[in-house]
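# Residue-level structural notes
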Amino acid sequence: MVYTTIRTQISGPVARVSLNRPEVRNAFNQTVIAEMTDFFAELAVDGDLRAVVLDGEGKSFCAGADLEWMQRMSGYTFDENRDDAVRMSSMFEAIDRAPIPVIAKVHGAVLGGGCGLVSCADIVVASESCVFGLTEVKLGIIPAVISPFVVSKIGGSHARALFMTGERFSASRAAAIGLVHHVVPESELESTVARLAGELVTSGPVAAREAKRWVSMVVQMTKVEASAHAAQKIAQLRASPEGREGITAFLEKRKPSWIAS
Ligand code: COA
């Protein structure tokens, strides 16, 4: 697929996808949704990648859904609107379920669906001047499609308060509620992302993917179920080629084979 609304780049083990509609603050419409979903589906089958960085061109990371597109859709039938929302949901699913770690690098406005994208990322680095908001109620709608991802990220308490007020909030509040992990001056966004990507590429390639998949399973299990599965999982990974190599390398005081010397 030739992309027109996102820019993609693969450099060694790290991919990058940038929302590229700066003139509308990277608001997403049906084309962005189709392109993002396609890109993340492609990533999922690339066994050599170790991380993907998601960011946005121009003044802001993402102003949420494109309101001109939303307005057009309001004239369509209920079924057409539902199918459209299902396609939007598939984009968030594709990011959330990406087998490799996703780092979101955000600046400027992060509103509505922009918070949805951030909620699907594993690691979020935000500029200290970012403005966040789940502002849908101000438009007479609610953050419905993004809610499974946002609520699982920030929990019901913060979701209730922020979904109802629609208030805009700072990067420090976003960090306090678990929506973002690192708040840095805008000039340090790229170096922070590079440092985190550097950490990811020194982790065992299989282990990093397994760690991500494991957390997504554990959050859906009871403690008893998780403990039972954990014993099996660690038994399997200790005896895996990567587990053996990582532990042997430590004991032999050398780098494991997956780190280029
Ligand atoms: N959908 C469609 N267009 C949008 C948009 C959106 N979600 N958000 C911004 N734009 C457009 C503006 O209409 C404007 O278009 P114009 O140049 O033709 O007038 C352009 O992007 C720039 O917006 P502007 O408000 O001038 O830029 P800014 O940098 O001062 O502010 C925002 C950026 C994102 C803070 C502001 O535009 C905003 O609050 N947007 C609404 C976001 C929102 O409510 N999202 C929830 C969607 S469910």
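Residues numbered from 1 in each chain as written. Predicted model: local features only at pLDDT ≥ 70, side-chain atom pairs only at ≥ 80, totals over all residues. Heavy atoms only, no water.

## Description of the overall build of the chain
Selection criterion: Secondary structure elements follow DSSP: runs of H or I no shorter than four residues count as helices, runs of E no shorter than two count as strands, and numbering proceeds from the N terminus. Burial status follows relative accessibility: with a 1.4 Å probe on protein chains alone, a residue under 20% of its type maximum counts as buried, one over 50% as exposed, and anything between as partly exposed. Any two residues whose heavy atoms approach within 4.5 Å are treated as being in contact. Here the accessible surface of atoms and residues is derived via Shrake-Rupley with a 1.4 Å probe, and residues count as covered only by protein chains that are part of the display. Positive residues here are Lys and Arg, negative ones are Asp and Glu, while His and the chain termini are left out of the count. Here the site of a charge means atom NZ of a Lys, CZ of an Arg, CG of an Asp or CD of a Glu.
Tallying secondary structure elements over the chain gives ten helices and nine strands in all. Projecting the C-alpha coordinates of the chain onto the three principal axes gives extents of approximately 65 × 40 × 35 Å. Every one of the 261 residues in the chain was classed for burial, and the buried ones make up 43%. Restricting to contacts in the chain with at least 6 residues of sequence separation, those with at least 24 account for 69%. Total accessible area on the chain is roughly 13,500 Å²; 57% of this is exposed by carbon and sulfur atoms. If the 27 positive side-chain charges of the chain are averaged to one point and the 29 negative ones to another, these points end up 6 Å apart.

## Observations regarding the domain arrangement of the chain
The line we're drawing: Bear in mind that the domain bounds are from an automatic or database domain assignment.
For the chain, the assigned domains read domain 1 (6-200) and domain 2 (204-251). On a C-alpha basis, the centroid separation for the pair domain 1 and domain 2 is 28 Å.

## Digging into the packing of helix α3 (residues 78-96) against helix α4 (residues 113-120)
Put simply, the test is: As a rule, the C-alpha atoms of each element are fitted with a line to give its axis, helices using only the stretch in contact, and angles between N-to-C directions run from 0 to 180 degrees. Between 65 and 115 degrees an angle is taken as roughly perpendicular, under 35 as roughly parallel, over 145 as roughly antiparallel, and anywhere else as oblique.
Close contact between α3 and α4 brings their axes to 8 Å; oriented N to C, the two are set at 30 degrees. Put simply, α3 runs roughly parallel to α4. Contact residues: α3 offers M91, F92, I95 and D96, while α4 offers G113, G116, L117 and C120.

## Digging into the nonpolar core
Inside soluble globular proteins, nonpolar side chains tend to come together where they are buried. Where we set the bar: Definition used in this section: a nonpolar core is a set of buried Ala, Val, Leu, Ile, Met, Phe, Trp, Tyr and Cys residues joined via side-chain atoms within 4.5 Å.
The biggest cluster of nonpolar side chains holds 54 residues, and the ones touching the most others in it are F28, M36, F40, V106, L117, F132 and L179. If we ignore the near neighbours within four places in the chain, the residues touching F40 are V17, V52, A94, I95, A98 and V102. Counting residues in hydrophobic clusters, the runner-up holds twelve residues, among them V14, I103, I123 and L200.

## Here's the deal with the sheet that holds strand β4 (residues 102-106)
The test is simple: Strand pairing is defined by DSSP finding a minimum of two bridges between the two strands.
Taken together, the six strands give an open sheet; going across it, the order is β1-β2-β3-β4-β6-β9, and neighbouring strands pair in mixed fashion. Looking at strand neighbours, the two that pair on one side only are β1 (6-11) and β9 (182-184), the edges of this open sheet. Adjacent strand axes in the sheet meet at a mean angle of 15 degrees when their direction is disregarded. When β1 meets strand β2 (residues 14-19), the two strands line up antiparallel, connected through six bridges. Considered in β2, the bridge of T8 is made with V17. Here helix α1 (residues 30-44) sits on the sheet in contact with β1, β2, β3 (51-56) and β4, set at roughly 175 degrees to β2.

## Describing the site of the ligand
As a reminder, the rule being used: If even one non-hydrogen atom of a residue comes within 4 Å of a molecule or strand, that residue is called near it. Pairs of N or O atoms within 3.5 Å make up the polar contacts considered here, provided that, within protein, one atom can donate a hydrogen while the other can accept it, and that residues adjacent in sequence are counted only when both atoms are side-chain atoms. When residue character is reported, Ala, Val, Leu, Ile, Met, Phe, Trp, Tyr, Cys and Pro are called nonpolar, Asp, Glu, Lys and Arg charged, and the others, Gly included, polar.
Looking at the ligand, there are 15 residues lining it, with R25, A63, A65, L67 and R168 nearest. One nitrogen or oxygen atom from the side chain of R25 is found 2.8 Å from an oxygen atom belonging to the ligand. Here an oxygen atom of the ligand sits 3.2 Å away from a polar atom, N or O, in the side chain of K59. Bound to the protein, the ligand loses 59% of the 860 Å² it would expose on its own. Of the residues contributing to the shell around the ligand, the split by class is eight nonpolar, one polar and six charged.

## Topic: the sheet that holds strand β8 (residues 168-170)
Within the open sheet, the three strands sit side by side as β5-β7-β8. Their pairing is mixed. Both edges of this open sheet fall to β5 (109-111) and β8, since each of them pairs with a single strand only. Strand-to-strand, the axes of this sheet are offset by a mean angle of 25 degrees, without reference to chain direction. Sheet analysis places β5 next to strand β7 (residues 131-133), joined by three bridges and oriented parallel. In the sheet register, L111 faces β7, and the bridge partner there is G133.

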